[in-house]
Amino acid sequence: MRFESLNADLKRWLQASIEAGHDREVLQRAMRTSGYDSGFARRAVEAALTRLQGQAAVVPTKPGAQPFAGAANTVAASDRTVDILMTLASPRVVLLGNLLSGEECEQMIEAARRKLARSTVVNAATGAYDVHPDRTSSGTHFERGETELVSRIEQRISELIDCPAENGEPLQVLHYTPGAEYKPHYDYFDPAQPGNEAVLAMGGQRIATLVMYLNDVDAGGSTVFPALGLDVLPRRGSAVYFAYTSESGETDPRTLHGGSPVLAGEKWIATKWVRQRRYGGAGT
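Residues numbered from 1 in each chain as written. Predicted model: local features only at pLDDT ≥ 70, side-chain atom pairs only at ≥ 80, totals over all residues. Heavy atoms only, no water.

Caption draft 1: Here's a closer look at the nonpolar core. One finds Phe68, Met108, Met212 and Leu214 to be the most contacted residues of the largest nonpolar core, which totals 34 residues. Of all the elements in the fold, those that place two or more residues in this core are strand 2 (81-88), strand 3 (93-97), helix 4 (102-113), helix 5 (148-161), strand 8 (171-176), strand 10 (206-213), strand 14 (239-243) and strand 17 (267-275). With six residues, helix 5 is the single largest residue contributor to this core. In this view, methionine 212 contacts Leu99, Leu100, Ile153, Ile157, Leu171, Ser238, Ala239, Trp268, Ile269, Ala270, Thr271 and Lys272; residues no more than four positions away in its chain are not counted. (Core = buried A, V, L, I, M, F, W, Y, C linked by side-chain atoms within 4.5 Å. Buried < 20%, exposed > 50% of the residue type's maximum accessible area, 1.4 Å probe, protein only. Helix = DSSP H or I, 4+ residues; strand = E, 2+ residues; numbered from the N terminus. Contact = heavy atoms within 4.5 Å.)

Caption draft 2: How the structure looks around the pattern of salt bridges. In this structure the tally under the stated criterion is 15 salt bridges. A salt bridge links arginine 43 to aspartate 162; the nearest nitrogen and oxygen atoms lie 3.0 Å apart. Taken together, the residues span a long stretch of sequence, with arginine 43 in helix 3 (residues 38-53) and aspartate 162 in the loop between helix 5 and strand 8 at a distance of 119 residues. For arginine 43, a relative accessible area of 8% gives the class buried. Given the relative accessible area of 22%, aspartate 162 is considered partly exposed. Put simply, Asp79, Glu104, Glu148, Arg152 and Arg156 are held in one network by salt bridges that share partners. (Salt bridge = Lys/Arg side-chain N within 4 Å of Asp/Glu carboxyl O.)

Caption draft 3: Highlighting the sheet that holds strand 13 (residues 230-232). Here four strands make up an open sheet; going across it, the order is 9-15-12-13 and the pairing antiparallel. In this open sheet, the two strands that pair with only one neighbour each are strand 9 (182-185) and strand 13. On average, each strand axis in the sheet is tilted by 15° relative to the strand beside it, whichever way the strands run. In this sheet, strand 13 lies alongside strand 12 (residues 223-225) in antiparallel orientation, the contact comprising three bridges. Bridge pairing links valine 224 to aspartate 231 in strand 13. (Pairing = 2+ DSSP bridges. Axes fitted to C-alpha atoms, helices over the stretch in contact; angles between N-to-C directions.)

Caption draft 4: A look at unusual backbone geometry. The residue after serine 90, namely proline 91, is reached through a cis peptide bond having omega -5°. Tracing the backbone shows proline 91 in the loop between strand 2 and strand 3. The residue asparagine 98 is not glycine, and still its phi comes out positive at about 65°. With respect to the element layout, asparagine 98 can be found in the loop between strand 3 and helix 4.

In structure tokens:
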């Protein structure tokens, strides 16, 4: 986060408070009390200290940490305030509203429409990316920072989930026509399977997923969590975040999830998978 990206009132308050001698803990506590998300408060204070005092920012990343853990009903990134509509503590599942604007959704769909191909899955035995009958969508991906739109969304996600953008895999955009689905599966990789060795080497284990809904679906197309009895209905601009890997690397099988069949209309989503450390591989 850059100090210059903060709104003018917040910048003035941070500058005055730092010049008055208040330390980072006092500043962060004051921001949390005012309703700011704890992760955003920490990053804003560090950005201000770096800009105004030349202090190095310290923003640790803890795989399995729980973002959106504050008491506020909204969370602010530097360019957008997002609604928190529902949370589940264990496993961590958070339903977000207003993550993307309608214009951003349309732009993402149009950018992806021109280069769709049949979706694949990682073959756990061989490591190859195979077409599989359990996944009948089509899709494409955008490398980190490939376009201004992608860069903006990635930065927003990074701020909201308190994780470096470079830990994210390329942004995936998926298209489901009537009857298309993705049967229940896990997003994390079983390290006991030989085919997963290569994908795990590209940034460690996946720790969380963010599914962003780019359009309203006439019927069907929900994100379903069978073990939790949870069904998330797609609404344009909203998203569901779920985490499944602890700091020690343990995975949570309760995060089994799938995309239910589209019954009418079409479904467009954008997915961001997050790794334990910097991701260095190609899109899947």
